[in-house]
Structure formats: structure tokens, C-alpha cells
Amino acid sequence: MKKFFFIAILIIILFLVGCDRFNKDYLIKITPLDFVNNYQITTIEDLKAHHVNQIMSYYDDQYLNSGIDKIEMQTFYTKNWSDQVTLNVVLLNEDSLKYRLTITDPYLRFESSWVDFGKKIGDNYYWYGNQSNGFTTMEDFINNFKIDALNALKTHQLSQLMNYYDNLYLNNGMDKSELEEFLDKNWSNQVNINVVLENSDSLKYQITISDPNLRFETTWLDYGMKIEDQYLWYGNQTNIVEIPKQIILAELITGTTCVNCPNAEHKLHDLFVANPTKLVYIEYHFQDSLALNMTDWNRYYSVNSTPTTIFQGKVKLAGGETTTLDQYQGVFDNLTGHDAQLTLTDVSLNKQGNTVTGSVKINKLEDIDLSACYLQMVIVEEETTASNYIGENSKRVVRYRNKITLNNVNTDIPIDFVCNSTKYLSNDIKLVLWVQKMNNTNLLDPQTDGVINCVEIDIR
């Protein structure tokens, strides 16, 4: 009996050991790689189907990543994604389960990238975040800022971008709400942002936003600060306003039958390409199919031949020979870099057929007398079908021009204007506005006259 009992106990032990070995040999274990792969497949499918519940099952209820919790992540995933949406997950650190996630949707012109952390909880892995209310390093803050800023500008949705700024932000007199207003432009898909460290001790950075399609570029210095456990843009906390520089206007008198005019056109174009935020140039045509009535302008500038270029309404260079063209750069250099006496802002436009109506605000930065000044306006066609002397399409051609006297005009409010063109206005047109002092509208006095500042705006 004892022998039988012993044999029974031995059989039970062997059975239990066998079961344990079975479990160890055949139990499916979830690895971090399995977790990431399953998350990636599920997320892409559910974003396209506009379902987020299954995606959120990959997130722990205590998820917190640089101030973003699980509910905010669910809001982020709830977008009207297209079938082109993609998700990429890259392992950054195996020990800490640190990953970089990037969601891209070309159709929506959307891309967002962030660093996240996985964690094993029980038998499963979940997204757990860095458990911080903000970016733990300035490097992470800058990297995420650049990605989110670019996405915000392209999609014209600034709310997420403004989360990078402290509520007490103040930089050269600009507070958080004014910065948001400044950033709220009709940016194109070509807009770019660059952030360069200038001083690591003061967290001083140079920020540049450029948009080639809008011919826009601006650069400013800004300061980061660690506030509690997160980094934010804080500014220099001063009310000192940086004075903008005047933009140079170059007016070229040209013609399609002029032999030497293409040389001047090329030189002026190259000068603009090298200085897209400092120079605006336009071309008036003379005695060809693109010509307007320029009698008054030719008289004022004493134009006797083509090509003739006038810089800032006072420096005239006539001729297309090399000796003349070589002077363009020097003249431009002498005129650029000066503080603007006024700016032209808050331009509103409405195009109906060949008529453009609008308004512009003139802001005096100095106590300047505008009694002998005019608001000049031209509509410019970027590229026409008419060819110059060497067969190139004529560019930057003035299709309409007019001026409004500023004598006794109240510049505290926007100035209305109407452009009734007798020429067909294509969709490829710009409006150039400038304020010009002309003591005598019949003859230029280069000692007193000249362009004070100008601006160019797309007409859409």
C-alpha cells in the first residue's frame, strides 16, 4: 500500500513538472517589439477608419508625456485622417523603451513627431509617457517645437503651437496674444522654421520663419525658461521694440524690343533672389504690348532710354552695359539696413474680375510729415506670355498703377483704395504698395524725394 501511495505521489509530481515545462515552453510572451508592431498596424488601420478606441487600449490610464495625458492623446488621434496617413515608430533606447513616433498625412499636409516611452504593466506593454508635465530637457523642447510649429503654420491651427509659450511671455514688447496674431498668416506649404542656439546659459535662440511663396522671411531672438518641471518660451521680458528696416523698391523701365533690357532684368532678378526680404522690384514696360501710360513717370524720373532702373525713388541708373549693372549691388547696399520711418500693415484685399479693392494701415514710427507724400500702388503680374528680346517670358510686369495723396489723410485708421484695371488680371498677381515723398510731381529732387517704405502682398 505504501509502495502504491509513493508511486501515485511520484506520478503527480511528474505531471505538475510536465505542466510547468509545457507552460514555459509554449506560453506566448509579448515582447516590446510585438507591442510596437501591433500598435503600429492597429493605429494605421484605425486612423483611416476614424476609430480611436482600439488605439487608446495601448495607453495606460496613468499616461502622461510632457504634459499630455491619455484624454489629450485621444483628442489628437481624432482627426479626419485620409487614406494616405502613415505611422512610423523608431526605437531610441532599448533599456528605457524610448521611441520616436511620427504620424504623417500628405493629403492634410500634416506631420507630427514626438518621443514616448513604453512600460510593462502586468503581462502587457503600454504607452506610459515620461510622467512629466513638460519637456524634461531643452533639446526635447526645441525638437518638438520645430515639428509642431511647422505643422501649425502649414495647417493654420496655432492652438497647439501656443502651448509652447508661457502666459507671461514678453519679447521686445510683444506678448503671447500679439505673437499669435503675428503667426496667424496665410502660410504656404513651403513655409519653414529654423531654430539656432546662440547662448546655452541664457537659453537664447535665433528663430527664423521663411516662406518663399510669400516672399517672406523674419528672424528674431527668443529665450527659453524652465518653469517648474517644463520648458517654455518666455521672451526677454522687455518692452523694447525692435525697429524694422526699410524695404528697398527697384523700378525698372524696360521693353520687349529693347536689346540690352534682359541684362538689367537678370541683374535685378538676381539681386532680389539674394535679398528676398529686403528688396521688391517691378518692371514698367515702354512702347510694347505690355506698356501703360507712363508719361508722368518718365517725366518725373527724366527717363530718356531703356533700360533705366530707379532705386528707392531717388537713385537712377540708365543703361544695360556691364559698367552700369555692376553698380546695382553698391547702390542697394548703401540704401539697405536703415530703420524704417513707417510701415504698411493690415492689408485687406478683395478681387472681383479686373477690380481690386482694399485698405492698408500706415504706421508712423517717427514724427514724419506726409503732406508731400503719396500712397503709390501697382498690380504686378509675376510672369506674362509676352517675350523679351531674347525670348524669355517677361516677369514682374506692372499691369495697373495709381496713387493717392496723403496730404491731410488720417493715418490713425486704414486707408481705402480701389484699383480698376483696364488690363486683364490673371491669378498670378501681386499688389505692391509704397509711400513716396514727391515735393514736385513733375521732377525728382533726389535730395528730398524718395520711397519711404514698401510692401508686397499676394492677391487671391
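Preceding this paragraph is the structure being described.
In this report, the structure presented in the accompanying data block is examined.

Thresholds applied
- Residues numbered from 1 in each chain as written.
- Predicted model: local features only at pLDDT ≥ 70, side-chain atom pairs only at ≥ 80, totals over all residues.
- Heavy atoms only, no water.
- Pairing = 2+ DSSP bridges.
- Helix = DSSP H or I, 4+ residues; strand = E, 2+ residues; numbered from the N terminus.
- Axes fitted to C-alpha atoms, helices over the stretch in contact; angles between N-to-C directions.
- Buried < 20%, exposed > 50% of the residue type's maximum accessible area, 1.4 Å probe, protein only.
- Arc of directions from axis to C-beta.
- Contact = heavy atoms within 4.5 Å.
- Polar contact = N/O pair within 3.5 Å; in protein donor to acceptor, adjacent residues only side chain to side chain.
- Disulfide = S-S within 2.5 Å.

Strand order in the open sheet made by the four strands is 9-10-11-12, with antiparallel pairing throughout. Only two strands of the sheet have a single partner each, and these edge strands are strand 9 (192–199) and strand 12 (230–233). Recorded for the sheet is a direction-independent mean angle of 30° between the axes of neighbouring strands. One ladder, built from four bridges, connects strand 11 (residues 216–227) with strand 12; its direction is antiparallel. Of the residues in strand 12, the one forming a bridge with G224 is W233.

Looking along the chain, the bond that leaves T306 and enters P307 is cis, with omega of -5°. Summarising the element assignment, P307 is placed in the loop between helix 9 (295–301) and strand 15 (308–311). For H50, which is not glycine, the phi torsion reads 60° and is therefore positive. As for its placement among the helices and strands, H50 is situated in the loop between helix 2 (32–49) and helix 3 (53–56). Although it is not a glycine, R396 adopts a positive phi angle of roughly 55°. With respect to the element layout, R396 can be found in strand 20 (residues 393–405). Looking at R396, the relative accessible area reads 2%, which means it is buried.

What follows deals with helix 4 (residues 70–77). Within the span of helix 4, buried status applies to K70, M73, F76 and Y77. Buried residues of helix 4, seen end-on, are gathered within an arc of 110° and therefore sit on one face of the element. Exposed and oriented more than 90 degrees from the buried face of helix 4 are I71 and T75. Among the structural elements, helix 2, helix 3, strand 2 (68–69), strand 4 (98–105) and strand 5 (110–121) are those in contact with the buried residues of helix 4. Structurally, the start of helix 4 carries an N-cap: the backbone nitrogen of I71 is 3.2 Å from a side-chain oxygen of D69.

Right, let's get into the pairing of strand 19 (residues 373–387). Consecutive side chains of a regular strand alternate in pointing toward one face of the sheet and then the other. The buried count for strand 19 comes to twelve of 15 residues, which makes it a mostly enclosed element. Pairing between strand 19 and strand 22 (residues 429–437): nine bridges, direction antiparallel. Note on strand 22: the bridge partner recorded for L375 is V435. Bridge count between strand 19 and strand 20: ten bridges; the pairing is antiparallel. Bridging across to strand 20, S387 finds its partner in N393.

Next up on the list: the sheet that holds strand 5. Ordered by their spatial adjacency, four strands build an open sheet running 3-4-5-6, and the pairing between neighbours is antiparallel. Sheet topology places strand 3 (86–93) and strand 6 (124–127) at the edges, where each strand pairs with a single neighbour. Strand after strand, the sheet turns through a mean of 30° between neighbouring axes, direction not considered. The pairing of strand 3 with strand 4 spans seven bridges and is antiparallel. Bridge pairing in strand 4 places N88 opposite T102. With respect to the sheet, helix 2 is in contact with strand 3, strand 4 and strand 6, its orientation differing from that of strand 3 by roughly 160°. The sheet contacts of helix 5 (residues 138–155) involve strand 4 and strand 5, and relative to strand 5 the element is tilted by about 135°.

This part is about the state of the cysteines. Note: disulfide means a covalent bond formed between the sulfur atoms of two cysteine side chains. All chains considered together, the criterion is met by one disulfide. Put simply, C258 and C261 are joined by a disulfide, and their sulfur atoms are 2.2 Å apart. Taking the torsion about the S-S bond as the criterion, the C258 to C261 disulfide, at about 85°, is right-handed. Summarising the burial analysis for this pair, C258 and C261 share the class buried. With no disulfide of its own, C419 lies 16 Å from the sulfur of C454, the closest cysteine sulfur.

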